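Inside the fold
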Amino acid sequence: MKLLATIKLDYILSLNEVISSRWEDTKKIKEELQWLSKGQLSKQRFRSDTIRIHVRYNSNHDVDNISPTAKIIVDMMRAMHMIEEDTPEHYKAIKYEYDGNLPFNTFIFEIYE
């Protein structure tokens, strides 16, 4: 697998926040994460027919709580025409892995071809 891009964040929009908060409350965080991911992706331009994402993190979040932020990043890749679609034909897999060697509250999204 070829590494296409890496996005490093120090906070995420968690699934718990999405479920328990009003839309207006999470909108600002979503917009900030869109801006951050666009900034990092624009420095690592690529175009790929298929992607796989490997997420490594160190935080108190449950592993499934990271999924909304992955969705924000994938949607940004679509908006930037880096991927054609986020259907199973193009977006093949996502893997979440706790990594205690990372600094606390670090989230690394590695995008592979």
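Let us look at the structure shown here. Here the structure is a predicted model, which means the values were calculated and not measured. (Residues numbered from 1 in each chain as written. Predicted model: local features only at pLDDT ≥ 70, side-chain atom pairs only at ≥ 80, totals over all residues. Heavy atoms only, no water.)

1. Here's the deal with the nonpolar core
The biggest cluster of nonpolar side chains holds 27 residues, and the ones touching the most others in it are Leu41, Phe46, Ile51, Ile53, Met77, Phe109 and Ile111. The set of elements that each furnish at least two residues to this core consists of strand 1 (3-9), helix 2 (23-42), strand 2 (51-58), helix 3 (67-79) and strand 4 (106-112). It is helix 3 that provides the largest number of residues to this core, a total of six residues. (Core = buried A, V, L, I, M, F, W, Y, C linked by side-chain atoms within 4.5 Å. Buried < 20%, exposed > 50% of the residue type's maximum accessible area, 1.4 Å probe, protein only. Helix = DSSP H or I, 4+ residues; strand = E, 2+ residues; numbered from the N terminus.)

2. So, the environment of Leu102
Relative to the helices and strands, Leu102 resides in the loop between strand 3 (91-98) and strand 4. Between the C-alpha atom of Leu102 and that of Glu32, which follows or precedes it by 70 residues, the distance is 22 Å. With residues up to four places along the chain from it excluded, the contact list for Leu102 reads Arg56, Tyr57, Asn58 and Ile108. (Contact = heavy atoms within 4.5 Å.)

3. Some points on the packing of aromatic side chains
All chains considered together, the criterion is met by two aromatic pairs. Taking the centre distance of 5.8 Å and the plane angle of 80° together, the rings of Tyr57 and Tyr98 count as edge-to-face. Here Tyr57 is found in strand 2, whereas its partner Tyr98 is found in strand 3, with 41 residues between them in sequence. Seen in terms of ring centroids, Tyr57 and Phe107 are 6.4 Å apart; in terms of plane orientation they differ by 5°. Their pairing is stacked. With a gap of 50 residues between them, Tyr57 in strand 2 and Phe107 in strand 4 connect regions that are remote in the sequence. For the residue pair Tyr57 and Phe107, the accessibility class agrees, reading buried in each case. (Phe/Tyr/Trp six-rings, centres within 6.5 Å; stacked < 30°, edge-to-face > 60°.)

4. With respect to the pairing of strand 4
For strand 4, the tally of buried residues reaches seven of seven residues, placing the bulk of the element in the interior. Here strand 4 shows a buried face lined by Thr106, Ile108, Glu110 and Tyr112 and a second buried face lined by Phe107, Phe109 and Ile111. In the sheet, strand 1 pairs with strand 4 via six bridges, with the strands oriented antiparallel. Residue pairing in the sheet places Ala5 in a bridge with Ile111 of strand 4. (Pairing = 2+ DSSP bridges.)

5. Quick look at helix 3
Under the 1.5 Å per step criterion, the end-to-end length of helix 3 is 18 Å for 13 residues, consistent within 8% with the ideal 18 Å. Burial in helix 3 covers these residues: Pro68, Thr69, Ala70, Ile72, Ile73, Val74, Met76 and Met77. His81 occupies a position one or two residues after helix 3 and carries a positive phi of about 60°. (Expected span 1.5 Å × (residues − 1).)

6. Thoughts on the layout of surface pockets
The calculated volume of the largest pocket comes to roughly 230 Å³. What lines the largest pocket is a set of 14 residues, among which Leu13, Trp23, Thr26, Lys30 and Ile72 lie closest to the centre. Of the residues assigned to the lining of the largest pocket, the class counts are six nonpolar, three polar and five charged. (1 Å grid on protein atoms, 1.4 Å probe; cavity = no way out; pocket = protein on both sides within 12 Å on 5 of 7 lines; lining within 4 Å. Points joined across faces, edges and corners; volume = space filled by probe spheres on them. Nonpolar A, V, L, I, M, F, W, Y, C, P; charged D, E, K, R; others polar.)

7. Focus: the environment of Thr6
Mapped onto the elements of the fold, Thr6 is located in strand 1. Residue classification places Thr6 among the partly exposed positions, given a relative accessible area of 27%. It is 27 Å that separates the C-alpha atoms of Thr6 and Ile19, two residues lying 13 residues apart in sequence. Setting aside anything within four residues of it in sequence, one finds Thr6 in contact with Gln40, Gln44, Ile108, Phe109 and Glu110.

By themselves, these observations are geometric and do not establish any function.
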